[in-house]
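# Architecture at a glance
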4 protein chains.
Amino acid sequence: MLQSETKIRVRYGETDKMGYVYYGNYAQYYEVARTEFVRKYGVTYKELEERGIMLPVNSLKVKYIKPAFYDDVLTVQATINELPGIRIHFDYKVFNQNNELLNVGETTLVFVDMKTGKPVKAPEFFLDNIKQFF
Amino acid sequence: MLQSETKIRVRYGETDKMGYVYYGNYAQYYEVARTEFVRKYGVTYKELEERGIMLPVNSLKVKYIKPAFYDDVLTVQATINELPGIRIHFDYKVFNQNNELLNVGETTLVFVDMKTGKPVKAPEFFLDNIKQFF
Amino acid sequence: MLQSETKIRVRYGETDKMGYVYYGNYAQYYEVARTEFVRKYGVTYKELEERGIMLPVNSLKVKYIKPAFYDDVLTVQATINELPGIRIHFDYKVFNQNNELLNVGETTLVFVDMKTGKPVKAPEFFLDNIKQFF
Amino acid sequence: MLQSETKIRVRYGETDKMGYVYYGNYAQYYEVARTEFVRKYGVTYKELEERGIMLPVNSLKVKYIKPAFYDDVLTVQATINELPGIRIHFDYKVFNQNNELLNVGETTLVFVDMKTGKPVKAPEFFLDNIKQFF
């Protein structure tokens, strides 16, 4: 199991007329958490792309429990429970500053070779950094 | 079964550096489809809120199949298969102008009384418009 | 003078906790209006890019007069008053369904050759469609 | 003169198909900078709203010089040069991690009493924190 935690402060423009963070914006928070997760384990998402690998999202699930509000400081916990193959699966938990669980989510992303457009295995230079943890 | 179809043209700002519609933006497309669905069946979402009912999203699922690109004209099909109770469940299918299926999704929303903050049954004035179809 | 009008219905996710359309979202509405403007005069923005020309925005101004609300149907009027050279300048006016003027804006965009990254003159195939109007 | 600096890392979803941060997203970066500015000087934007004052944006200007890219770490400098009255005026400068100036901007916001909907003077509890600097 590998885990990272990322802090995100809610922006005004991310709220909607209910006063809550708009439900679609958590996809972006999850993305930020993935970016920081990957960085923590020695690679950057940007570098993956520079090496010709892109990671489109294959599936997204969110279960909303409580809303987040403007100026809340959220902690987005991202976890992978298995070594990535062609796919990499992340689980997320979002907490507010009172440690209340706001939502849980999942995404699956696919490693794709930008030239061929075909799925490929997770690149070695990425796996090397993380396989010791499994 | 009740169904509506909504056309949405992809905006430049909705794409990301991959050239695809950013995965999180479909949540907004689904929302537009829900708004038009409800309007088609005689109520507006806005009216629901004016009558003291809000509809926060409880869960979201998206399965991404193919990407959408800038200036594509998408058709977002929204369907409900059962009469809403405290919850209303929508299924979505998004097609592009070539009739390719781009993604399928689901959301569950909860009817909430704005004053009490408690879940309530779908209001009669809304059900009246749709129950004939079940 | 060349003018186009585009209708945009305000999405829920475009509002903020004040209940207004978030001030930054008008940039996207202006973009939609530009896209439709260009289409009206025989080219598509997408085609421009396919022909190796991109149009980054050089400056933006917005003067906010009244807010827009969820589900409002806005009319975005885009105007160009002079034949584009290296730059193309648009003026915008946004009205709601009651014909109230909500804001006025301006953008200047630059024609850039994607290969060289250098500014270039507006391409002939684009000018051909519009120069008759000046 | 009062100044604050805020760091913002560019999110994937904030880029567009050109690979640049979408021009409309700087409005949100400026908002984040304003929020941090106000916090630095002893109040929070949220608190202002809780005390019945809202601050809708009256005008926005952006002059784009260079693009920002995914994963860039931006510094958004926000400055006020005069004591706020009914209006508060901010100037912004956005730099990337190489200290290149990416854009400069301005916003004017108006203090509005939420109950009456009328413009009001900047509240004393806010001015008290900043007037020593003028």
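It should be emphasised that the depicted structure is a prediction, and the values quoted were computed from it without experimental measurement.

### Focus on the overall build of chain A
- Helix and strand counts for chain A stand at three helices and seven strands.
- Across chain A, helices and strands are ordered from the amino to the carboxyl terminus as β-α-α-β-β-β-β-β-β-α.
- Computed over the C-alpha atoms, the radius of gyration of chain A is 16 Å, within 12% of the 14 Å expected from 2.2 N^0.38 for a compact globule of 134 residues.
- On the principal axes, the C-alpha backbone points of chain A span a range of 45 × 30 × 20 Å.
- Burial status across chain A gives 40% buried among its 134 residues.
- Counting contacts in chain A only where the partners sit at least 6 residues apart, residues at least 24 apart contribute 68% of the total.

### Section: the relation of the copies chain A and chain C
- When chain A is fitted onto chain C, the two copies agree to an RMSD of 0.0 Å after a turn of 180° and an axial shift of 0.0 Å. What the superposition gives is, in effect, a two-fold axis relating one chain to the other.
- An overlap of 100% is found between the interface residues of chain A and their copies at the interface of chain C, pointing to a shared contact surface.

### Looking at the interface of chain A and chain C
- Taken residue by residue, the interface counts nine residues in chain A and nine residues in chain C.
- Residues belonging to the side of chain A that touches chain C are distributed by class as follows: three nonpolar, four polar and two charged.

### Structural notes on the sheet that holds strand E3 (residues 57-64) of chain A
- Across the sheet, which stays open at both edges, the ten strands sit in the order E1(A)-E4(A)-E5(A)-E6(A)-E3(A)-E3(B)-E6(B)-E5(B)-E4(B)-E1(B) with antiparallel pairing between neighbours. A strand with exactly one partner marks an edge of an open sheet, and here the two such strands are strand E1 (2-9) of chain A together with strand E1 (2-9) of chain B. On average, each strand axis in the sheet is tilted by 15° relative to the strand beside it, whichever way the strands run.
- Bridge count between strand E4 (residues 73-80) of chain B and strand E5 (residues 87-95) of chain B: five bridges; the pairing is antiparallel. Note on E5(B): the bridge partner recorded for Ala78(B) is Tyr92(B).
- In the packing of helix H1 (residues 26-40) of chain A onto the sheet, contacts are made with E1, E3, strand E4 (73-80), strand E5 (87-95) and strand E6 (101-110) of chain A, and the angle to E1(A) comes to roughly 130°.
- Each of E1, strand E3 (57-64), E4, E5 and strand E6 (101-110) of chain B touches helix H1 (residues 26-40) of chain B; the most contacted strand, E1(B), lies at about 130° to it.

### What to know about the environment of Gln77(A)
All names here are of chain A.
- The residue Gln77 is located in strand E4 in this model.
- On the basis of neighbour counts, which here come to 17 C-beta atoms within 10 Å, the residue Gln77 falls in the partly exposed class.
- In sequence terms Gln77 and Tyr22 are 55 residues apart; their C-alpha atoms lie 19 Å from each other.
- In this structure, Gln77 is in contact with Gln3, Glu5, Tyr92 and Lys93, ignoring residues within four places of it in sequence.

### Topic: the interface of chain A and chain B
- The partner chain B presents 17 residues to the 17 residues of chain A that form the contact.
- Those elements that provide at least two residues to the side of chain A that touches chain B are H1 and E3 of chain A.
- Broken down by element, the residue count for the side of chain A that touches chain B peaks at eight residues, all from E3(A).
- Bridge analysis of E3(A) against E3(B) gives five bridges, and the strand direction is antiparallel. Note that in E3(B) the partner of Ser59(A) across the bridge is Lys63(B).

### Focus: the confidence of the model for chain A
- Scored by pLDDT, chain A comes out at a mean of 96, with 100% of its residues at no less than 70.
- What the predictor reports for the complex is a pTM of 0.96 with an ipTM of 0.95.

### Some remarks on unusual backbone geometry
- One non-glycine residue, Asp71(B), adopts positive backbone phi at about 75°.
- For Asn99(C), which is not glycine, the phi torsion reads 65° and is therefore positive.
- Of note, Asn99(C) is situated in the loop between strand E5 (87-95) and strand E6 (101-110).
- Judged by the 7 C-beta atoms lying within 10 Å of it, Asn99(C) falls in the exposed class.

### Section: the relation of the copies chain A and chain B
- Each copy superposes on the other: chain A lies on chain B with an RMSD of 0.0 Å after a rotation of 180° and an axial shift of 0.0 Å.
- Both copies share a contact surface, since 100% of the interface residues of chain A are interface residues in chain B too.

### Overview of the sheet that holds strand E3 (residues 57-64) of chain C
- Ordered by their spatial adjacency, ten strands build an open sheet running E1(C)-E4(C)-E5(C)-E6(C)-E3(C)-E3(D)-E6(D)-E5(D)-E4(D)-E1(D), and the pairing between neighbours is antiparallel. Each edge of the sheet is formed by a strand with only one pairing partner; in this case those strands are strand E1 (2-9) of chain C together with strand E1 (2-9) of chain D. Each strand of the sheet is rotated relative to its neighbour by a mean of 15°, with strand direction disregarded.
- Bridge analysis of E1(C) against strand E4 (residues 73-80) of chain C gives eight bridges, and the strand direction is antiparallel. Looking across to E4(C), one finds that Gln3(C) is bridged to Thr79(C).
- Those strands touched by helix H1 (residues 26-40) of chain C are E1, E3, E4, E5 and E6 of chain C, and its axis lies near 130° from that of E1(C).

### Digging into H1(B)
Residue and element names in this part refer to chain B.
- Over its 15 residues, H1 runs 21 Å from end to end, which matches the ideal 21 Å to within 8%, given 1.5 Å per residue.
- Taking burial as the measure, the 15 residues of H1 include twelve buried ones, the bulk of the element.
- Regarding H1, the residues found buried are Tyr26, Ala27, Gln28, Tyr29, Tyr30, Glu31, Ala33, Arg34, Thr35, Glu36, Phe37 and Val38.
- Gly42 sits one or two positions beyond H1 and adopts a positive phi of about 90°.

### Considering the pairing of E3(C)
- For E3(C) and E6(C), the ladder comprises seven bridges, and the chain directions are antiparallel. Looking at E6(C), one finds that Ser59(C) is bridged to Thr108(C).

### Here's the deal with the environment of Tyr12(D)
- Looking at the secondary structure, you find Tyr12(D) in the loop between E1 and helix H1 (26-40).
- Between the alpha carbons of Tyr12(D) and Glu82(D) there is a distance of 36 Å; along the sequence they are 70 residues apart.
- If we ignore the near neighbours within four places in the chain, the residues touching Tyr12(D) are Glu31(A), Asp16(B) and Tyr70(D).

The rules we used
Residue numbers here run from 1 along each chain, matching the order of that chain's written sequence. All chains are assigned letters beginning with A, and all ligands numbers beginning with 1, in the order in which they are written. Given that the model is predicted, a residue must reach a pLDDT of at least 70 before its local features are reported, and side-chain atom pairs must reach 80 or more before they are shown or counted; all residues, however, enter totals for whole chains, interfaces and linings. Secondary structure elements are taken from DSSP: a helix is a run of H or I of four residues or more, a strand is a run of E of two residues or more, and numbering for both begins at the N terminus. Both definitions apply: the radius of gyration is a C-alpha atom measure, and the globule rule equals 2.2 Å times residues to the power 0.38. Here exposure depends only on C-beta density: within 10 Å of a residue's C-beta, 20 or more other C-beta atoms make it buried, 12 or fewer make it exposed, and intermediate numbers make it partly exposed, the C-beta atoms being placed from the backbone. A pair of residues counts as a contact when their C-beta atoms, built from backbone coordinates, are separated by no more than 7 Å. For this overlay, a least-squares fit was computed on C-alpha atoms, restricted to residues scoring pLDDT of at least 70 in both copies. In this classification, the charged set is Asp, Glu, Lys and Arg, the nonpolar set is Ala, Val, Leu, Ile, Met, Phe, Trp, Tyr, Cys and Pro, and all remaining amino acids, among them Gly, are polar. The pairing criterion is simple: DSSP has to find at least two bridges between the two strands. For helices, the fitted axis covers only the stretch in contact; all axes are lines through C-alpha atoms, and the angles between them, taken along N-to-C directions, range from 0 to 180 degrees. As a per-residue quantity, pLDDT reports the predictor's confidence and falls between 0 and 100. Given the number of residues in a helix, its expected span is that number minus one, multiplied by 1.5 Å.

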